[in-house]
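Structural features, examined
The chain contents come next:
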Amino acid sequence: MSSLISRLGLERERNIQKLFPEPVSLCLLYKASHHGFTLSALREKSENQGRFVLIVYLETGAVRGGYISKHLPRQACADPEAFVFSVDEKSATSFPVQDHSKAFLYEGQKVAFGDCLQLLSENKKMYVVSKPDDIYGDFWAEETADCLEVEVHRVQDVGDVLLNPWMEVTWTENHKEELRQNLVSFKPTSEVLSKARVLLLGPVGSGKSSFINSIRSVMYRHIFLMPYVGTMQDGFTKKLKSCEIRAQKGGPPTPLTLCDVLALGESEETGLTLHDTLEVIKGHVPEGHKFQSNAPINPATAGYRLAPAMKDRIHCVAFVLDATEVLFYSKSLQDKLKELRWELSDMDIPHVILLTKVDQVCKAVEADVQYVYRSRIVKERMHKAAELMGLPVSFVLPVKNYSSELSVNCNTDILLLSALNCMLRSIDDFLEDYTPSPQEIEQRQTF
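About the cut-offs
Residues numbered from 1 in each chain as written. Predicted model: local features only at pLDDT ≥ 70, side-chain atom pairs only at ≥ 80, totals over all residues. Heavy atoms only, no water. Helix = DSSP H or I, 4+ residues; strand = E, 2+ residues; numbered from the N terminus. Buried < 20%, exposed > 50% of the residue type's maximum accessible area, 1.4 Å probe, protein only. Contact = heavy atoms within 4.5 Å. Areas by Shrake-Rupley, 256 points an atom, 1.4 Å probe, with all protein chains shown as cover. Lys, Arg positive; Asp, Glu negative; His and termini not counted. Charge placed at Lys NZ, Arg CZ, Asp CG, Glu CD. pLDDT = per-residue confidence, 0-100. Salt bridge = Lys/Arg side-chain N within 4 Å of Asp/Glu carboxyl O. Pairing = 2+ DSSP bridges. Right-handed = clockwise from strand over helix to strand, strands pointing away. Expected span 1.5 Å × (residues − 1). Axes fitted to C-alpha atoms, helices over the stretch in contact; angles between N-to-C directions. Core = buried A, V, L, I, M, F, W, Y, C linked by side-chain atoms within 4.5 Å.

As recorded in an unreviewed UniProt entry, the chain goes by the name TLDc domain-containing protein, listed as coming from Anguilla anguilla.

The secondary structure content of the chain amounts to eleven helices and 17 strands. By principal-axis analysis of the C-alpha atoms, the chain measures approximately 90 × 45 × 35 Å. In the chain, which comprises 447 residues, the share counted as buried stands at 53%. Considering only contacts within the chain whose residues lie at least 6 apart along the sequence, 67% involve residues at least 24 apart. A total of about 20400 Å² of accessible surface is found on the chain, and carbon and sulfur atoms cover 49% of it. The average position of the 50 basic charges and that of the 59 acidic charges among the side chains of the chain differ by 5 Å.

Turning our eyes to something else, we now look at the confidence of the model for the chain. Mean pLDDT over the chain works out to 89, with 93% of the residues at or above the 70 mark. Within the chain, no element has a lower average pLDDT than helix 11 (residues 438-446), which sits at 55, and none a higher one than strand 17 (residues 396-398), at 98.

Quick look at the pattern of salt bridges now. Counted under the stated rule, the structure contains 18 salt bridges. One salt bridge in this structure joins Glu-89 and Arg-12, with 3.7 Å as the shortest N-O distance. Taken together, the residues span a long stretch of sequence, with Glu-89 in the loop between strand 5 (83-87) and strand 6 (92-96) and Arg-12 in helix 1 (residues 10-17) at a distance of 77 residues. One salt bridge connects Lys-400 with Glu-405, and the closest N-O pair in it is separated by 2.2 Å. Salt bridges linked by common partners bring Glu-11, Arg-14 and Glu-168 together as one network.

Burial runs high along strand 16 (residues 351-356): six of the six residues are buried. As paired strands, strand 15 (residues 316-322) and strand 16 are joined by six bridges and run parallel to one another. Each residue of the ladder has a partner; that of Val-317, found in strand 16, is His-351. Read from strand 15 through helix 7 (residues 331-347) to strand 16, the crossover connection turns out right-handed.

Next up on the list: helix 4 (residues 173-184). Across its twelve residues, helix 4 extends 16 Å between first and last C-alpha, which sits within 8% of the 16 Å expected from 1.5 Å per residue. Along its buried surface, helix 4 packs onto helix 5 (208-220), strand 13 (241-246), strand 14 (253-260) and helix 10 (410-432).

Across a sheet, strands are paired by hydrogen bonds formed along the backbone, either parallel or antiparallel in direction. Within the open sheet, the six strands sit side by side as 13-14-12-15-16-17. Their pairing is mixed. Every interior strand has two partners, whereas the edge strands, strand 13 and strand 17, have only one. Across the sheet, the axes of successive neighbouring strands diverge by a mean angle of 30 degrees, strand direction being ignored. Summarising the sheet, strand 16 and strand 17 pair through three bridges and their orientation is parallel. For Leu-355, the partnering residue across the bridge sits in strand 17 and is Pro-398. Seen against the sheet, helix 4 touches strand 13 and strand 14 and runs at an angle of roughly 85 degrees to strand 14.

The biggest cluster of nonpolar side chains holds 93 residues, and the ones touching the most others in it are Phe-211 and Leu-354. Among the elements that line this core, the one with the most residues is helix 10, at twelve residues. Leaving out residues up to four positions away in the same chain, Phe-211 has contacts with Leu-200, Leu-258, Leu-354, Val-399, Asn-401, Leu-416, Leu-420 and Met-423. Judged by nonpolar contacts, the second largest core, of 34 residues, contains Val-97, Phe-104, Cys-116 and Val-152.

What follows deals with unusual backbone geometry. Among all residues except glycine, the phi angle is most often negative; among peptide bonds, the trans geometry is most common. For Asn-48, which is not a glycine, the phi torsion comes out positive at approximately 60 degrees. Examined against the element boundaries, Asn-48 turns out to sit in the loop between helix 3 (39-46) and strand 2 (52-58). Phi is positive for Asp-348, which is not a glycine, with a value near 60 degrees. Take Asp-348: it is sitting in the loop between helix 7 and strand 16. With a relative accessible area of 56%, Asp-348 lands in the exposed category.

Here's what the structure looks like:
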């Protein structure tokens, strides 16, 4: 039995969406190879689901369809908004109904948009009969062709979704594997560094620990959960915790380590302080150190590194901000974030913004994260995050962490891996201009 994934592909889907005057999304309801090549199965999955498109994939290679703005009727249906269409990867052409009183017919073993697109079912197979008619017009040659596939999609309003994305992303399994392999094969360009360390900084509940678990879920290909992830008032992470990212569960580590720390607070008296944050970035703080605002890190701290090597330092900082909260962060927290950002700039440490929970601010993105770069509200939150930190919007990386899911999703994986790849590129750019000291080269040769 086939997977319930549309055969349309991204380009053909976008071309169909352009046939509508307003932004819409398509939700797959029925797929013949999955549910059965019968009209009874089609009706069972599509009835009372609202306006819909029927799409047929013919053995000739043609892809055609029809649209009505009503529920799937039980017999004849009038609809002045109905149209039929043909679509390929380059474009879609629609033919509006001319006699709307006969726009659609459901009769026995036949579903028909006039005579030009008649879908028939017989012996668990489906085929299409096309004839010129005066209901839609004379545009397709008269023919009978077997169906390789038949789909019904609900047409949904998504007023928040733009017709065209402001950033192009390839949402395929192949691209996901390319991104995954980029991480596995990553090698820092500096001769004194074999692994890159990324520090996650953010307020309570922003999703730092969840991001680490989500990346592990991507790599392990199943949902990975740890007990410290949650929403306690002051956060779960209290210590410096360095998490190696492995290519697979039990496998060798990749050259990337994600570092989690105590959440940032509203002031120096709450949460991770500016002083301690900079000590972590410079590499002075030992693994497992428990942060306390009334006990700042200093050379007397147990395990303190007086002369940290390049491998001990942080090579990129990701500010983790919550898309649902970014409009409401207090001025004191905003000031703290900006101060950290200026310190990083002075230290020439690359930094980006991870904007989490984008699925919680937009219904279309909640349904499918491939709409993330077409969502007006996500774009607004990305601009707000960039403005808050004083960074270009290109430094903002939207992600959806795994939280309630029971299995991983290709599009969610792509968004997460894309963010990681951006961090790795920024590290490479940083290291390209970095000149190691003779002592660092000697340390590397003896390490």
